[in-house]
Amino acid sequence: MIPFLDLKAINAEYRNELVAAATRVIDSGWYVQGQEVSAFEQEFADYCGTQHCVGVANGLDALTLTLRAWKEQGRLKEGDEVIVPANTYIASILAITENRLTPILVEPDESSYNLCARGTEAAITPRTRAILPVHLYGQLADMPALMDIAQRHKLLVLEDAAQAHGASLDGRKAGNWGNAAGFSFYPGKNLGALGDAGAITTNDDELATILRALGNYGSHKKYENRYQGVNSRLDEIQAAMLRVKLRHLENEIAARREVAHAYINGIDNDALILPLTPGASPLTNTRHVWHLFIIRCQQREALQQYLSEQGVQTLIHYPIPPHQQQAYTQWAPKSFRLTEHFHNQVLSLPMGPHLNSWQRKKVVDVCNSL
Ligand SMILES: Cc1ncc(COP(=O)(O)O)c(C=O)c1O
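Read on for an overview of the structure. (Residues numbered from 1 in each chain as written. Predicted model: local features only at pLDDT ≥ 70, side-chain atom pairs only at ≥ 80, totals over all residues. Heavy atoms only, no water.)

Moving on, we come to the overall build of the chain. Along the backbone of the chain there are 12 helices and 14 strands. In terms of C-alpha radius of gyration, the chain reaches 20 Å, essentially the compact-globule figure of 21 Å for 370 residues. Principal-axis analysis of the C-alpha atoms places the extent of the chain at approximately 65 × 55 × 40 Å. Residues classed as buried in the chain amount to 57% of the 370 residues present. Considering only contacts in the chain between residues 6 or more positions apart, those separated by 24 or more positions represent 70%. Roughly 16,100 Å² of accessible area belongs to the chain as shown, and the carbon and sulfur atoms make up 48% of that amount. (Helix = DSSP H or I, 4+ residues; strand = E, 2+ residues; numbered from the N terminus. Rg over C-alpha atoms; globule rule 2.2 N^0.38 Å. Buried < 20%, exposed > 50% of the residue type's maximum accessible area, 1.4 Å probe, protein only. Contact = heavy atoms within 4.5 Å. Areas by Shrake-Rupley, 256 points an atom, 1.4 Å probe, with all protein chains shown as cover.)

Structure representation (C-alpha cells):
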C-alpha cells in the first residue's frame, strides 16, 4: 500500500540529527522556556520574515490566544463578528467561539478553495471586526485582496497558516501578511514536531508581549499575573525537534512540489478534477507548498475504494463541514452550497517528501486506469 503519509520514513531521514537534538535537551536539565524555544522562535520568525514568533502548545492555541490577546487589548469584544471560510478545518472556528466571538462563515473561492474575497466583502456588517483567512491545503488565500478589504473596513486579520509553512505570494510568506498568524506543528504538518506544538508570528511588539504572558498563566513576571492566562507553551524537546526539521523544510517543499507536478502532468481522467496549478491561478507568483493534494470526483466513495484496492491510501479533508458538526447545531439549518459540494467530492492523494518516483507513477497510473 502506498501510504497517504509516512511520518516514520520522513523522520527516519533525520534520525541522527533528531537524536542529537533530543540528547542535548535531556542533558541540559532545562525542559520548558529555555534556549531551544528562543532559538527556534528566532529561526522561524526569520524564515517567515516577521519580527516575532511566540511558541505555544499547538495550532488551535495559537489562533485562540491571538484572538484573546486582541480582546485584552480592547481591539475585540464578545459578540464581535469574525469572517472565516465555511470549508475550513474546525480549529479555525473553535478559536473564534472559544473567545465568545461570532464566526461568520463565508463560502470559498471555487478555483482555489480559499476564502472568497468578494464573499468576504459582502459579509461585512457594522459588527465585523476581523477576518480569519485559512491558507488551505498549502496555498495562500488571496491576501492582497483580503488585506485591502481589511484596511478599508479597519478589520484585524489573523492568518490560519497551519497548513502553509513556507507558502508565499509575491515573495511574501504565510505568516507575514496579517496582523498575526497561527501555525500548527502537529506531526503531519509540513513542518511537524514529534508531538503537539504551535506558534504565532507577528510584527506587532505589544501583541507578542501579551501572547507570551497569556500562554504562561497570564504572567509577565514570575508570580505576577496581569491576565487570567493559560498554560500553553512550546517545550524544549519539541523546539529542538523543530529546529532540525526547519533546516530541511525547503528541501521537503521542493519534493512535495515535484510530487504535485507529477500528479498534475500525469493524471488525465475526465472523472477527476485536479487542483488549479499555481501558474494557472489568477493570483500571480504563488508558491503552493502542497500540504495536501486534493482531487474531486462525483463518485468519491467508489473512487476511494478503488484506489485502496489498487494499493493507494487516500484520506478525506474533510468529510463533514463545520456548520454540519454536532458541536454547532445552531448552524444546522444553514446551507453553504459550495462548501457542502466540496465536502462531498474531495479526496486527498498521497502527498509528502516520502513518495519515490515509482510510487508517484503508480498513483498516476491507478488514477488513469479508472
Ligand atoms: C487549518 C488548520 N487550523 C488549525 C489547526 C489546528 O492545529 P493543531 O492541531 O496544532 O491544534 C489545524 C490542524 O490541525 C489546521 O489544519
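This next bit is on the packing of aromatic side chains. A full pass over the atoms with the stated rule returns 11 aromatic pairs. On the basis of an interplanar angle of 85° and a centroid distance of 5.4 Å, the ring pair of Phe40 and Phe185 is categorised as edge-to-face. Of this pair, Phe40 sits in helix H3 (residues 35–48) while Phe185 is found in the loop between strand E8 (180–184) and strand E9 (198–202), placing the two residues 145 residues apart along the sequence. Note on accessibility: Phe40 and Phe185 belong to one class, buried. (Phe/Tyr/Trp six-rings, centres within 6.5 Å; stacked < 30°, edge-to-face > 60°.)

Glancing now at the side chain of Glu236. Among the secondary structure elements, Glu236 is positioned in helix H9 (residues 236–266). The buried charged residue Glu236 lacks any salt bridge, with Arg243 as its nearest oppositely charged partner at 7.8 Å. Looking at Glu236, its side chain comes within polar contact range of the main-chain nitrogen of Gln35, at 3.4 Å. (Lys, Arg positive; Asp, Glu negative; His and termini not counted. Salt bridge = Lys/Arg side-chain N within 4 Å of Asp/Glu carboxyl O. Polar contact = N/O pair within 3.5 Å; in protein donor to acceptor, adjacent residues only side chain to side chain.)

Residue His317 is joined to Tyr318 through a cis peptide bond whose omega torsion reads 10°. Of note in this structure, Lys154 is not a glycine but carries a positive phi near 55°. According to the relative accessible area criterion, Lys154 is exposed, its value standing at 75%.

A cluster of nonpolar residues, Ile26, Tyr31 and Val32, forms a patch on the protein surface that exposes about 280 Å² of accessible area. Along the chain, Tyr31 turns up in the loop between helix H2 (15–28) and H3. (Patch = residues over 30% accessible without salt bridge, like charges linked within 9 Å, V, L, I, M, F, W, Y side chains within 5 Å.)

What follows is about the sheet that holds strand E12 (residues 286–287). Hydrogen bonds between backbone groups are what pair the strands of a sheet, and the pairing can be parallel or antiparallel. The 3 strands lie next to each other as E7-E6-E12, forming an open sheet whose pairing is antiparallel. The sheet is open, and its two borders are formed by strand E7 (172–173) and E12, each paired with just one other strand. Sheet analysis places strand E6 (residues 168–169) next to E12, joined by 2 bridges and oriented antiparallel. For Ser168, the partnering residue across the bridge sits in E12 and is Arg287. (Pairing = 2+ DSSP bridges.)

Attention shifts here to the sheet that holds strand E5 (residues 156–160). Strand order in the open sheet formed by 7 strands is E1-E9-E8-E5-E4-E2-E3, with mixed pairing between adjacent strands. The open sheet terminates on both sides in strands that have one partner only, identified here as strand E1 (52–56) and strand E3 (102–106). When the angles between neighbouring strand axes are averaged without regard to direction, this sheet yields 25°. Sheet topology places strand E2 (residues 81–85) next to E3; 5 bridges connect them, and they run parallel. Pairing of Pro85 across the sheet is with Val106, part of E3. (Axes fitted to C-alpha atoms, helices over the stretch in contact; angles between N-to-C directions.)

Applying the stated rule across the entire model yields 16 salt bridges. Here Arg243 ties to Glu36 by a salt bridge, and the two come within 3.1 Å at their closest N and O atoms. Here the residue Arg243 occupies a position in helix H9, and Glu36 occupies one in helix H3, the gap between them amounting to 207 residues. By relative accessible area, Arg243 is classed as buried at 18%.

Quick look at helix H5 (residues 90–98) now. Of all the positions in H5, only Ile90, Ala91, Ser92, Ile93, Ala95 and Ile96 are classed as buried. On the buried face of H5, the contacting elements are helix H4 (59–72), E2, E3 and E5. Within two residues after H5, Arg100 carries a phi angle of roughly 55°, on the positive side.

Along an α-helix, residues three or four positions apart point the same way, because every turn accommodates 3.6 residues. A rise of 1.5 Å per residue sets the reference length of H3, with its 14 residues, at 20 Å; its end C-alpha atoms lie 20 Å apart and thus fit the reference within 8%. Where H3 terminates, the next one or two residues include Gly49, which has phi positive at roughly 85°. (Expected span 1.5 Å × (residues − 1).)

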